[in-house]
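Summary of the model geometry
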Amino acid sequence: MFNVLKQVAKRSVLTIIASAMLACSFNAMADNAIVFNPDLKGKEIFVHYGIDNDLPKLGISSLALDEQLVEQVDRTIKIGDESRKSSVYLVKSTDQKGNIDLRIKHDASKLDKHFDAIEEIENSTRTQYRLRNWAQSYDPSSIEATELENGHVVISFNYSKYGLPQDIAYFRFMKVEVLIVDGQPKQMVISNRSPFKLDGYNIETYRQQINFMTLESGKLLMVEKRVEKIGKKGKKPVNILETVVPIALYDGDGVDIIDEARLTEASVPRLIEERVEVDRVFPLMGDMVTRQGIDLPLPFGISMAYRNQNMTLPTNDFIIGGVRLNEFFDPEDTFANVTAESLTFRGDVNILPFWNVFGFVGKINVDANVDAGYTGAAGEKIQEMLNDKMPGLGDGFCDSLAVACNPGRLNVPLKLKYDLIGVGTTLSVGYKEFFASVTGTYATTRIEGGDSWGDGIITVQPMLGYQLVDYRAQLFVGAEYQGLKSRMQGTVVTDSIEFDYDVGVDLNQWAALVGVNKQFGKHYQMTFLYNKGETRDSMTLNLGYRF
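Looking at an unreviewed UniProt entry, the chain carries the name DUF1302 domain-containing protein, with the source organism given as Vibrio breoganii.

1. Quick notes on the overall build of the chain
Check the secondary structure of the chain and you find eleven helices and 27 strands. A buried classification covers 48% of the 547 residues belonging to the chain. Long-range contacts, defined here as pairs at least 24 residues apart, represent 62% of the contacts in the chain between residues at least 6 apart. With the model as given, the accessible surface of the chain reaches about 28,100 Å², and the carbon-plus-sulfur share is 55%.

2. Observations concerning the pattern of salt bridges
The tally for this structure, following the rule as stated, stands at 13 salt bridges. Residues R262 and D259 are paired through a salt bridge, measuring 3.4 Å at the closest nitrogen-oxygen approach. A salt bridge links E480 to R307, with the shortest nitrogen-to-oxygen separation between them at 2.8 Å. Within this pair, whereas E480 is found in strand β22 (residues 473-482), its partner R307 is found in strand β15 (residues 300-320), the two being separated by 173 residues in sequence. Note on R307: relative accessible area 15%, which makes it buried.

3. As for the nonpolar core
Grouped together as the largest cluster of nonpolar side chains are 42 residues, with contacts concentrated most on I155 and Y206. Take this core: its biggest share by element is five residues, from strand β10 (residues 201-214). Contacts of I155, omitting those with residues within four sequence positions, involve I45, F46, Y49, I51, I143, E144, A145, V176, E177, V178 and I180. Within the second largest apolar cluster, 26 residues are counted, among which are A336, L416, Y418 and Y501.

4. Here we look at the packing of aromatic side chains
Counted by the stated rule, this structure contains eight aromatic pairs. For the pair Y481 and W510, a centre-to-centre distance of 5.3 Å together with 50° between the ring planes defines the contact as tilted. Taken as a pair, Y481 in strand β22 and W510 in strand β25 (residues 510-520) lie far apart in primary sequence, 29 residues in all. For W510, a relative accessible area of 44% puts it in the partly exposed group. Through successive ring pairs, a cluster of aromatic residues spans F300, Y524, Y545 and F547. Of note, R346 hangs over the ring of F358, and the distance from its end group to the ring centre comes to 3.8 Å. A cation over a ring is seen here: K518 above F520, with NZ or CZ 4.9 Å from the ring centre.

5. Focus: the environment of N350
In this fold, N350 is placed in strand β17 (residues 329-352). Taking C-alpha positions, N350 is 5.3 Å from P283, a pair spaced 67 residues apart along the chain. Excluding anything up to four places from it in sequence, N350 contacts F282, P283, P297, L298, P299, W355, N356 and R546. A distance of 3.5 Å separates the side chain of N350 from the backbone oxygen of L298, its partner in a polar contact.

6. Some words on the side chain of D371
Tracing the backbone through its elements, the reader meets D371 in strand β18 (residues 355-374). Every residue in contact with D371, bar those within four places of it in the chain, is listed here: D333, T334, F335, R409, L410 and N411.

7. Here we look at unusual backbone geometry
We note that D182 has phi near 55°; this positive angle belongs to a residue other than glycine. Positionally, D182 belongs in the loop between β7 (174-181) and β8 (184-192). Judged by relative accessible area, which is 71%, D182 ranks as exposed. Even without a glycine there, the phi angle at R472 is positive, about 55°. Of the residues examined, R472 reaches a relative accessible area of 15% and is grouped as buried.

8. Here's the deal with the environment of V460
Relative to the assigned elements, V460 resides in strand β21 (residues 457-468). A relative accessible area of 25% means that V460 is categorised as partly exposed. Separated by 22 residues in the primary sequence, V460 and Q482 have C-alpha atoms spaced 6.8 Å apart.

9. Brief notes about the confidence of the model for the chain
Considering every residue of the chain, the mean pLDDT works out to 79; 78% of them sit at 70 or more. Of the regions scoring below 50 in pLDDT, residues 1-31 engages in 64 contacts with residues more than four places distant in sequence or in other chains.

10. Considering the pairing of strand β2 (residues 68-79)
When you tally the buried positions in β2, you get nine out of twelve residues, the bulk of the element. Where β2 and strand β12 (residues 236-251) come together, twelve bridges link them in antiparallel fashion. Looking at β12, one finds that V73 is bridged to V244. The sheet contact formed by β2 and strand β3 (residues 82-94) spans eleven bridges and is antiparallel. If you follow Q72 over to β3, its bridge partner there is Y89. Linkage of β2 to β3, two consecutive antiparallel strands, is achieved through a turn of two residues, within which G80 is found at a positive phi near 65°.

11. Thoughts on the pairing of β8
Among the nine residues in β8, eight count as buried, and that is most of the element. Note: β7 against β8, eight bridges, orientation antiparallel. Its bridge partner lying in β8, V181 is registered against Q184. Here β7 folds back onto β8, and the loop between the two strands holds two residues, one of which, D182, carries a positive phi near 55°. Two elements, β8 and β10, share five bridges in a ladder whose sense is antiparallel.

Cut-offs used in this document
- Residues numbered from 1 in each chain as written.
- Predicted model: local features only at pLDDT ≥ 70, side-chain atom pairs only at ≥ 80, totals over all residues.
- Heavy atoms only, no water.
- Helix = DSSP H or I, 4+ residues; strand = E, 2+ residues; numbered from the N terminus.
- Buried < 20%, exposed > 50% of the residue type's maximum accessible area, 1.4 Å probe, protein only.
- Contact = heavy atoms within 4.5 Å.
- Areas by Shrake-Rupley, 256 points an atom, 1.4 Å probe, with all protein chains shown as cover.
- Salt bridge = Lys/Arg side-chain N within 4 Å of Asp/Glu carboxyl O.
- Core = buried A, V, L, I, M, F, W, Y, C linked by side-chain atoms within 4.5 Å.
- Phe/Tyr/Trp six-rings, centres within 6.5 Å; stacked < 30°, edge-to-face > 60°.
- Lys NZ or Arg CZ within 6 Å of the ring centre and 35° of its normal.
- Polar contact = N/O pair within 3.5 Å; in protein donor to acceptor, adjacent residues only side chain to side chain.
- pLDDT = per-residue confidence, 0-100.
- Pairing = 2+ DSSP bridges.

Spelled out as structure tokens, the structure:
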């Protein structure tokens with residue numbers, strides 16, 4: 001790329017640095033009388049003052065400058081008494097299909113040997129690369145123009161709190177002021193409105209200053225970008241200073257060489273070159289959807305979920321050992337209390353922004369108790385049979401064993417353990433704070449230690465929600481369908497006695513659902529769900545990590 005840059009007709013712009021020294025600063029402007037222009041609103045302000053609608057992109061990412069770009073990045077990180085310094089060249093090239101190639105070129109002697117500077121620079125470069133796709137994610141309603149007595153204009157706006165994905169969303173905390181001199185942008189200052197977290201640092205103060213120059217062709221050029229972040233890492237104070245200086249830009253109109261000496265240095269073959277992997281495969285179409293104001297999580301996730309479900313189920317049929325016993329146990333006076341606890345581990349991926357697929361494995365412990373209404377019919381039959389053989393013998397049997405001949409209650413405890421496997425998918429849509437989703441799962445179980453898996457169970461959860469953008473939290477309501485069978489079947493083993501049971505139950509397969517999801521940083525999240533239905537209630541706690 002550097003050879004091409006040298007051979008193409010050059011338009012030297014060495015005078016840029018001198019012209020970047022502004023005649024007045026933002027502090028000096030405060031001394032002027034201020035005149036507000038309330039008649040203009042939103043993007044009309046940009047149009048009125050002849051400002052390119054693409055101006056915000058130069059603040060959000062220097063990689064939005066041109067399709068072909070060479071720039072120098074100097075960085076100093078101070079953590080407590082420790083200081084880290086690095087200086088590299090960043091080379092961006094774009095092929096005819098729009099595929100971007102990013103490379104870091106550096107002299108090993110200019111990197112601090114006590115930490116992985118390249119890894120930090122790669123992380124920062126990936127962020128800059130992704131931010132370029134959200135160059136227009138500012139809030140048009142926040143644009144204001146202030147006309148100063150000296151004829152200069154200050155245009156201010158905020159970046160949108162909706163249009164950025166989670167891992168680069170720190171720009172949602174930013175406010176911007178642009179100085180316009182003689183109808184041309186000269187300086188942009190970006191600062192934070194509130195503290196935020198970034199790459200493990202707690203940033204309290206953020207200030208980015210960009211100096212511009214307009215070429216004779218009318219092209220707006222960034223001369224220098226200086227970013228300072230002040231905060232803490234743990235309990236130690238942190239100061240991060242980064243300076244980005246474009247060296248050469250190339251587009252279809254030719255080459256703008258800003259610093260020929262640095263360009264020559266960046267072309268030296270002895271420099272170490274490393275490629276930066278910037279593109280993610282999943283979710284497909286993610287950039288396009290996020291620019292519409294839909295906040296997307298990171299594409300991959302692993303999680304652990306604990307669920308406790310209680311059910312009270314009226315019965316309607318009894319079959320024990322293959323024999324129907326409704327005559328002896330009144331189905332209308334019998335119910336089953338079931339407590340099921342499950343622990344599952346899940347992995348998922350967002351294939352599309354609105355389509356997530358996942359698989360899970362786990363264990364289920366079932367503790368059930370069948371409280372049966374005994375009719376006494378069995379004892380009465382025995383009494384009748386014994387009296388037929390010897391009058392009074394059956395009456396004596398009932399006198400000595402009244403529990404067998406009189407109506408009463410019988411408790412049958414059941415303790416079962418199951419293995420669980422399943423798959424599922426979630427479809428979702430949303431706009432700004434509002435979203436809707438439906439999740440479906442298919443799961444199957446087997447008795448622990450058994451060989452065969454049972455019939456599958458389908459679960460469906462339709463939900464409507466509202467997200468608290470500034471707090472990284474979502475509230476939602478909905479319903480849950482559980483395709484549980486209307487029969488409880490299994491085997492009871494007590495000492496040397498073993499028998500099968502088949503109990504019919506009346507259950508409502510739908511239950512109401514409410515929940516909350518809270519994200520901690522860009523990776524961690526916690527979800528709590530509560531279900532309440534006619535025959536069941538449950539609580540679910542999910543802890544997840546996204547990457």
